[in-house]
Amino acid sequence: MKITHETVATIHFTVCTQDGTQIDTSRTGKPMDYLQGSHYLIQGLENELEGKQAGDKFIIDVEPELAYGERHDALVQVVPKSMFADIDVNPGMTFRATTDDGEQSVMVIDVTEDEVVVDGNHPLSGLTLNFDVEVLGVRVATEEEIAHGHPHSEDGCGHSH
């Protein structure tokens, strides 16, 4: 069976930056199940998986526009430290910020005595990502999985209906 829209695929993957820095892998634990067409994976990887079947292995570079997008300098902002009240703010911390475009996650990238620099870009934005993937299995998704937009384990889906 081939991976097509509304099939559940089981894969092992390793993702690295272009310089070889490993970002994530499933190979040290359980393989990942995903529902093709649910947009759970980045678009470039989901596009490449289309039509693959169990036993297929491939390596692909995914450009930023089909991954986490390009970086936008306007999403890096300096805000007064007083906005964080009594919180001991440190680089690497993440917060939810209210913006003109709604709620957005931001990461603290620098802290001075009076100011905090936050970045609203995804941490992997602007990067070409290298994926090493092995397809372990493919099956037809259940109606419930399609309705919920994700695969379910043998124990169910893990959330209330």
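Since this is a predicted model, take the numbers as computed values, not measurements.

**Here we look at the overall build of the protein chain**
Within the protein chain, the secondary structure is distributed over two helices and nine strands. Going from N to C terminus, the protein chain has its helices and strands arranged as β-β-β-α-β-β-β-β-β-β-α. The C-alpha radius of gyration computed for the protein chain amounts to 19 Å, which surpasses the reference 15 Å derived for 161 residues by more than 25%, pointing to a less compact arrangement than a globule. For the C-alpha atoms alone, the extent of the protein chain along its principal axes is close to 60 × 40 × 30 Å.

**Remarks on the pairing of strand 7 (residues 102–111)**
Here strand 6 (residues 94–99) pairs with strand 7 via six bridges, running antiparallel. The residue of strand 7 that forms the bridge with Thr99 is Gly102. Hairpin connection of strand 6 to strand 7: two residues between the antiparallel strands. Strand direction decides the pairing type here: strand 7 and strand 8 (residues 115–119), joined by four bridges, are antiparallel.

**Considerations on a negative patch on the surface**
There is a patch of like negative charges on the surface, built from Asp61, Glu63, Glu65 and Glu70. Of note, Glu70 is situated in the loop between strand 4 (57–62) and strand 5 (76–80).

**Details of the confidence of the model for the protein chain**
A low pLDDT score tells you not to read the predicted coordinates there in detail. Per-residue pLDDT for the protein chain averages 92, and the proportion of residues at 70 or more is 95%. Per-element averaging of pLDDT across the protein chain places strand 6 at the bottom with 85 and strand 4 at the top with 98.

**Considerations on the pattern of salt bridges**
If you walk through the whole model with that rule in mind, you get five salt bridges. Two residues, Asp119 and Arg71, come together in a salt bridge whose shortest N-O distance is 2.6 Å. Of this pair, Asp119 sits in strand 8 while Arg71 sits in the loop between strand 4 and strand 5, placing them 48 residues apart in sequence. Between Arg96 and Glu103 there is a salt bridge, and its shortest N-O distance comes to 4.0 Å. Relative accessible area serves as the criterion here: at 49%, Glu103 is assigned to the partly exposed category.

About the cut-offs
Residues numbered from 1 in each chain as written. Predicted model: local features only at pLDDT ≥ 70, side-chain atom pairs only at ≥ 80, totals over all residues. Heavy atoms only, no water. Helix = DSSP H or I, 4+ residues; strand = E, 2+ residues; numbered from the N terminus. Rg over C-alpha atoms; globule rule 2.2 N^0.38 Å. Pairing = 2+ DSSP bridges. Patch = residues over 30% accessible without salt bridge, like charges linked within 9 Å, V, L, I, M, F, W, Y side chains within 5 Å. Areas by Shrake-Rupley, 256 points an atom, 1.4 Å probe, with all protein chains shown as cover. Salt bridge = Lys/Arg side-chain N within 4 Å of Asp/Glu carboxyl O. Lys, Arg positive; Asp, Glu negative; His and termini not counted. Charge placed at Lys NZ, Arg CZ, Asp CG, Glu CD. pLDDT = per-residue confidence, 0-100. Buried < 20%, exposed > 50% of the residue type's maximum accessible area, 1.4 Å probe, protein only.

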